[in-house]
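Structure assessment
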Amino acid sequence: MTTDDTGTDDQADAEGGSDGAGVVRGERFTGGPARSFLSSLAADERLFAADIAVDRAHVVMLAEQAVVGRSDAAAILGALAEVAAAGHGSLPAGEDVHEAIETAVIDRVGPVGGRMHTARSRNDEVATCIRHRLREDLLAALAAVLGGRERLLDGAAEHTETVMPGYTHLQPAQPTTVAHWLGSYERALARDTARLVDAYDRVNQSPLGAAAFAGTTFDIDRGRTADLLGFDGVVENAMDAVSARDFLLESTAAVTGLAVTLAGLAEDGVLFAHRGFLRLDDEYASTSSIMPQKKNPDTLELVRGRTGDAAAALSGLVTTLSGLPRAYNRDLQRAGRHAWDAIDSVTAATEVAVGAVTTAGWNETALAAAAETGFGTATGVADLLARAGVPFRTAHEVVARAGEARPEALDEAAQAVLGESLWSHVDRAAVERVLDPAESVTTRDSRGGPAPDAMAASLGRARDNLAADRELLADRRAQLDAAERRLDREVSRRV
Ligand code: ARG
């Protein structure tokens, strides 16, 4: 099952038979009404592969440190391979995946299997598993965001001259271009990228070897397990290592920020579809079951709605984590699911949101007509007068008084405000030029502005930044892949 079904986890856990005795618990705490309530086994499917990896690294290290003998380590690693192949669905009853895997190992090789849990606790184990898994999810989210940025930049490159109205307060404000609009979301996604990478780097520290919270008497090598699992280093303080879930909080916060970016993109898309500026590809549109003429932007509305998933997860995490005493408390078992909900929901939304707006057809006629309405070129006229020596505030007053993009109206306003004809300050051809939305865009060529040349330069810088971010992602992916191969090698040498 997936974490989408959190509402039924406990029931599914109960059906999984988690109320059995098992080799780990022995006869203690068997049966009773709270057994299924305690169990996270079903939801822990998400951690299954991570737990196998963590078990393998731990056993390799224990063998290297001569805490566990070679043949016992070989037996355990062999059993782990079988458990991994059988999959999560074949696990015996257990309170959680950690206990169930240990039970499965002991079921296969007998009491020597019990050596696997030497010098650790489920507390450091689960914290390591969550981080191990979350790395994958963050990398997947990052891949989706980087892919989205590329598509937005490609779309922008095609539309540096497609004029559209820009808005403030949803009122026509100044003409801009479709490239400028698309590029604005690419830049926002670049900051979401940075926040996700930043979160990733703090996730990628190993709590393993902290044991329950107070370390262990065994001569373990925490750096070695960290290395075998591809972590950058260890979470130093053992009490902190088992308690800390702020890495979930900041990952979920980063994902929530991404959701907010996407919601803005989606909302603009909905509005633009409403105004006839763009037409969604059928792939991204929906129909009405009763109104035959309808083509609805449901995908974008669902993207917008997913901010609710992320915000709910963030709020759930803050509530769950806040005020927990040191060191480990079982409340923490409820923390991971919030992060999974948020990251699954928003990663999927990333592809849909960007897909919807980059495959949509733009109605250039409607865009141009809309750019003409609402006197969006007013600022340009004021700028022109200011450049001719009229103080900007006075120029603003002239244009405001005219209230429309007609040269005669502007001249009348100039006479009223300045006591002089407009044409004594600027020539008519220049005014007509700035009243043209396309001209207006071309002249707004300051850095980051929509003028096609300025925009092309901005897009170039964005491409460089995207390439650098791709490298950050590739480095992290490569580090995990290399560690996985190293661990595989170490394990195969020992079975
Ligand atoms: N399933 C537990 C969790 O997710 C594992 C840790 C249990 N530790 C304990 N001391 N009961 O947090």
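First, a word on what this report is: a plain description of the structure on this page.

Close approach of charged atoms allows side chains of opposite charge to pair. Applying the stated criterion across every chain yields a total of 33 salt bridges. In this structure, Arg 428 engages Glu 408 in a salt bridge whose closest nitrogen and oxygen atoms are separated by 2.7 Å. Taken as a pair, Arg 428 in helix α18 (residues 428–435) and Glu 408 in helix α17 (residues 407–418) lie far apart in primary sequence, 20 residues in all. A relative accessible area of 35% places Arg 428 in the partly exposed class. Across the pair Asp 481 and Arg 477 runs a salt bridge, and its minimum N-O distance is 3.2 Å. Taken together, the residues Asp 481 and Arg 477, both in helix α20 (residues 452–494) and four residues apart, mark about one turn of the helix.

What follows covers helix α4 (residues 48–64). Two residues of an α-helix separated by three or four positions point the same way, owing to the 3.6 residues in each turn. Relative to the 24 Å expected for 17 residues at 1.5 Å per residue, α4 spans 25 Å between its end C-alpha atoms, a close match to the ideal helical length. With 14 of 17 residues buried, α4 lies mostly within the body of the structure. Backbone geometry just after α4 places Ala 66 at a positive phi near 60°.

For the ligand, the full set of nearby residues is Ser 40, Asp 96, Arg 122, Asn 123, Val 126, Tyr 328, Arg 330 and Gln 333. In the environment of the ligand, a nitrogen atom lies 2.7 Å from a nitrogen or oxygen atom belonging to the side chain of Asp 96. Separating an oxygen atom of the ligand from a side-chain N or O atom of Tyr 328 is a distance of 2.3 Å. When the ligand sits alone it has 340 Å² of accessible area, and the protein chains cover 84% of it. Among the residues making up the shell around the ligand, the classes are represented as two nonpolar, three polar and three charged.

About the cut-offs
- Residues numbered from 1 in each chain as written.
- Predicted model: local features only at pLDDT ≥ 70, side-chain atom pairs only at ≥ 80, totals over all residues.
- Heavy atoms only, no water.
- Salt bridge = Lys/Arg side-chain N within 4 Å of Asp/Glu carboxyl O.
- Helix = DSSP H or I, 4+ residues; strand = E, 2+ residues; numbered from the N terminus.
- Buried < 20%, exposed > 50% of the residue type's maximum accessible area, 1.4 Å probe, protein only.
- Expected span 1.5 Å × (residues − 1).
- Near = heavy atom within 4 Å.
- Polar contact = N/O pair within 3.5 Å; in protein donor to acceptor, adjacent residues only side chain to side chain.
- Areas by Shrake-Rupley, 256 points an atom, 1.4 Å probe, with all protein chains shown as cover.
- Nonpolar A, V, L, I, M, F, W, Y, C, P; charged D, E, K, R; others polar.

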